[in-house]
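# Breakdown of the fold
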Amino acid sequence: MKVMKFGGTSVGKPERMMEVARLITADRESKIVVLSALSGTTNKLVEISTCIAQRDKARAKTEIELMEAHYQAFVRDLLHTEPAIAKATEVLREHFEFLNIATKISYSEALTKDILAQGELLSTKLFSCYLEEQKIGHHLLSAFDFMSIDENDEPHISVIRSKLVPILADKSDSQIYLTQGYICLNARGEVDNLKRGGSDYSASLIAAAIQASVCEIWTDIDGMHNNDPRIVKTTRPVEQLSFDEAAELAYFGAKILHPASIWPAQQEHIPVKLLNTLAPQAKGTLIAKSASGQGVKAVAAKDGIVAINIKSSRMLLAYGFLRSVFSIFEKYRTSIDMITTSEVAVSMTIDQTGSLNQITAELEKLGTVSVITNQTIVSIVGHNLIQSPNLLRDLFAGIAHIPVSMVSYGGSPHNISLLVPADQKHETLQSLNRHLFGLD
Ligand code: ADP
Ligand code: ASP
Ligand code: MG
């Protein structure tokens, strides 16, 4: 059994959804099809819940009306038989009624999570109507019946497996199971999600839970490119990546994959393929335990980084100092991305800034603290970079004009990370494209 995940653009237009139906019926292997919300929907739902939080009911209503009109037009183009149209119309009525009721209840985080879940619920139900109209047998599974996170917002493959396997066994008459990406239940049994872009994570977790033959991530580009195609004009797909390389790229900003989406597949040794719905024949990228290709394979950038420097003469020759520093980050459940130390100072970067004020207040008890915002981590990822001849020379020659403020080298054989001001990101990625890949 395999997993096929289709992202927002892959289901964002009726004709794209029809193409998804063709792709999932192209072979006879049984499969779990994981869908995202139609492109743009989750952003709109975020906007709607922000309006509700700000008590701007009128704007929330207008956004909901616009969205409903969009979905009605979508259904008109997707479906052509009376029973399917009636069923889809009822789906829209139910979910838009929920959104309209949401504008009348007082705001809570739980309400936002419920609102955000509507996108994936809608896309899977409408796709199910289309499959039914096309007489394509399938079972629509509710992700709430098996996808869950614990009190630390972490999913567990074994928990998902223990719920999902019996569901599949119970409906073993089908070759095609359809379910929502992104959404889950939390430890309190409430509707929650796996964070933005989380459908990739759902797919990988499901693939690991059922020990799928492959986890296919179908998107709008032919695989992982060597650089961010939203920023750099000339990029090319990377044919193969190891799990470690792909995990570094996902974590350090390659938007094609959710930051945490590699570990479940890696844990169960399930190959991941990144494929293009717009060009299904394209090779894409194969992610597996080992991968061909030497040296640098790709670069990625992660925005919204804050650098924190703490200087203390107490650090000089003192053991236990770093532990005191780290325990403050641990207390506020904030993970550190990059770290460098000197004899009397330590610099760290974080991207979760919710507790920044409390963290700096506590760090100030240990030394002099300075904070620099608006930073970007640029990561250079590849195979055995540490032993790549001339890499450091070429790398720094290419970006000699960029004010790099931190460098992380040696922590992982697959990654070299640089901290640059956010306004230097484009120039850095462009220069690296030229100097490391010979692309303009
Ligand atoms: P989906 O909706 O299918 O999940 P996403 O928009 O989340 O798709 O991810 C695909 C997009 O990721 C591409 O359209 C591309 O603009 C962007 N992207 C960023 N970095 C990379 C990269 N290194 N390789 C490929 N795509 C990338
Ligand atoms: N729909 C969700 C989002 O836009 C999840 C996903 O697309 O992966 O973030
Ligand atoms: Mg995505």
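Anything mentioned here points back to the structure above.
For the structure given in this document, a descriptive report is provided here. (Residues numbered from 1 in each chain as written. Chains lettered and ligands numbered in written order. Predicted model: local features only at pLDDT ≥ 70, side-chain atom pairs only at ≥ 80, totals over all residues. Heavy atoms only, no water.)

## Side note on the state of the cysteines
- Summed over the entire model, instances satisfying the criterion amount to zero disulfides.
- Of all cysteine sulfurs in the structure, the one in Cys215 sits closest to Cys184, which takes part in no disulfide; the separation is 17 Å. (Disulfide = S-S within 2.5 Å.)

## Digging into the site of ligand 1
- Taken together, 16 residues lie near ligand 1, and Gly8, Thr219, Asp220, His225 and Lys255 sit nearest.
- Between ligand 1 and Lys5, the relevant distance is 3.1 Å, taken from an oxygen atom to a side-chain nitrogen or oxygen of the residue.
- Here an oxygen atom of ligand 1 sits 2.7 Å away from a polar atom, N or O, in the side chain of Lys255.
- In the shell around ligand 1, the residues fall into five nonpolar, six polar and five charged. (Near = heavy atom within 4 Å. Polar contact = N/O pair within 3.5 Å; in protein donor to acceptor, adjacent residues only side chain to side chain. Nonpolar A, V, L, I, M, F, W, Y, C, P; charged D, E, K, R; others polar.)

## Quick look at helix 13 (residues 391-398)
- Regarding helix 13, the residues found buried are Leu391, Leu395 and Gly398. Taken down its axis, helix 13 places every buried residue within 75° of arc, on the same side. (Buried < 20%, exposed > 50% of the residue type's maximum accessible area, 1.4 Å probe, protein only. Helix = DSSP H or I, 4+ residues; strand = E, 2+ residues; numbered from the N terminus. Arc of directions from axis to C-beta.)

## Quick notes on the sheet that holds strand 1 (residues 2-6)
- Taken in spatial order, the eight strands line up as 3-4-2-1-7-9-10-8 in an open sheet, and their pairing is mixed. Since the sheet does not close on itself, it has two edges, and those belong to strand 3 (139-141) and strand 8 (240-242), each with one partner. Averaged over all pairs of adjacent strands, the angle between their axes in this sheet comes to 20°, without regard to strand direction.
- The pairing of strand 9 (residues 272-276) with strand 10 (residues 285-288) spans three bridges and is antiparallel. Bridge assignment links Leu274 to a residue of strand 10, and that residue is Thr285. (Pairing = 2+ DSSP bridges. Axes fitted to C-alpha atoms, helices over the stretch in contact; angles between N-to-C directions.)

## Considerations on the packing of helix 4 (residues 57-78) against helix 6 (residues 109-133)
- Where helix 4 contacts helix 6, the axes come no closer than 11 Å and their chain directions differ by 20°. Accordingly, the angle class assigned to the pair helix 4 and helix 6 is roughly parallel. Handedness of the crossing formed by helix 4 with helix 6: right-handed. Contacts between helix 4 and helix 6 involve Tyr71, Phe74, Val75 and Leu78 from the first element and Leu122, Leu126, Tyr130 and Glu133 from the second.
- Considering only residue class, the contact of helix 4 with helix 6 consists of seven nonpolar, no polar and one charged. (Parallel < 35°, antiparallel > 145°, perpendicular 65-115°, else oblique. Left-handed = near helix turned anticlockwise from the far one by under 90°. Contact = heavy atoms within 4.5 Å.)

## Considering the pattern of salt bridges
- Summed over all chains, the structure comprises 25 salt bridges.
- The partner of Glu94 in a salt bridge is Lys125, with the nearest N and O atoms 3.5 Å apart. One end of the pair, Glu94, is in helix 5 (residues 82-102); the other, Lys125, is in helix 6, and 31 residues separate them in sequence.
- A relative accessible area of 40% places Glu94 in the partly exposed class.
- Overall, Lys125 belongs to the partly exposed group, its relative accessible area being 21%.
- Each of Lys2, Asp27, Lys31 and Glu216 takes part in one network of salt bridges that share partners. (Salt bridge = Lys/Arg side-chain N within 4 Å of Asp/Glu carboxyl O.)

## A short note on the packing of aromatic side chains
- All chains considered together, the criterion is met by four aromatic pairs.
- Ring geometry for Tyr201 and Trp263: centres 6.3 Å apart, planes at 75°, overall edge-to-face. Of the two residues, Tyr201 is situated in helix 8 (residues 199-210) and Trp263 in helix 10 (residues 263-267); the sequence distance between them amounts to 62 residues.
- A relative accessible area of 5% places Tyr201 in the buried class. (Phe/Tyr/Trp six-rings, centres within 6.5 Å; stacked < 30°, edge-to-face > 60°.)

## Digging into the site of ligand 2
- Inspection of the region around ligand 2 gives Ser36, Ala37, Thr42, Glu120, Tyr182, Arg196, Gly197, Gly198 and Ser199 as its neighbouring residues.
- A distance of 3.4 Å is found between an oxygen atom of ligand 2 and a backbone nitrogen or oxygen belonging to Gly198.
- The protein chains hide 86% of the 260 Å² of surface that ligand 2 would expose on its own.
- Residue classes in the shell around ligand 2 are distributed as two nonpolar, five polar and two charged. (Areas by Shrake-Rupley, 256 points an atom, 1.4 Å probe, with all protein chains shown as cover.)

## With respect to the pairing of strand 9
- Among the five residues that make up strand 9, four are buried, leaving the element largely enclosed by the rest of the structure.
- Both strand 7 (residues 215-219) and strand 9 contribute to a ladder of five bridges, which runs parallel. Across the sheet, the residue bridging to Ile217 is Leu274, located in strand 9.

## Considerations on the nonpolar core
- In terms of nonpolar packing, the biggest core is built from 97 residues, with Val3, Phe6 and Phe127 touching the most fellow members.
- No other element matches helix 6, which puts eleven residues into this core.
- Those residues in contact with Phe6, other than ones at most four positions away along the chain, are Val11, Val20, Leu23, Ile24, Val33, Val34, Leu35, Ser36, Trp218 and Thr277.
- Counting 20 residues, the second largest nonpolar core, distinct from the first, contains Ala301, Ile402, Leu429 and Leu439. (Core = buried A, V, L, I, M, F, W, Y, C linked by side-chain atoms within 4.5 Å.)

## Considerations on the sheet that holds strand 11 (residues 295-311)
- Pairing is antiparallel in the open sheet, where six strands are placed in the order 12-13-11-14-16-15. If you trace the sheet from one side to the other, it starts and ends with strand 12 (336-341) and strand 15 (406-412), each paired once. Put simply, the sheet's adjacent strands are angled 30° from each other on average, direction ignored.
- The pairing of strand 11 with strand 13 (residues 345-350) spans six bridges and is classified as antiparallel. Across the sheet, residue Ala307 finds its bridge partner in strand 13, namely Thr349.
- Sitting on the sheet, helix 13 is in contact with strand 11, strand 14 (368-383), strand 15 and strand 16 (415-421), with an inclination near 15° to strand 16.

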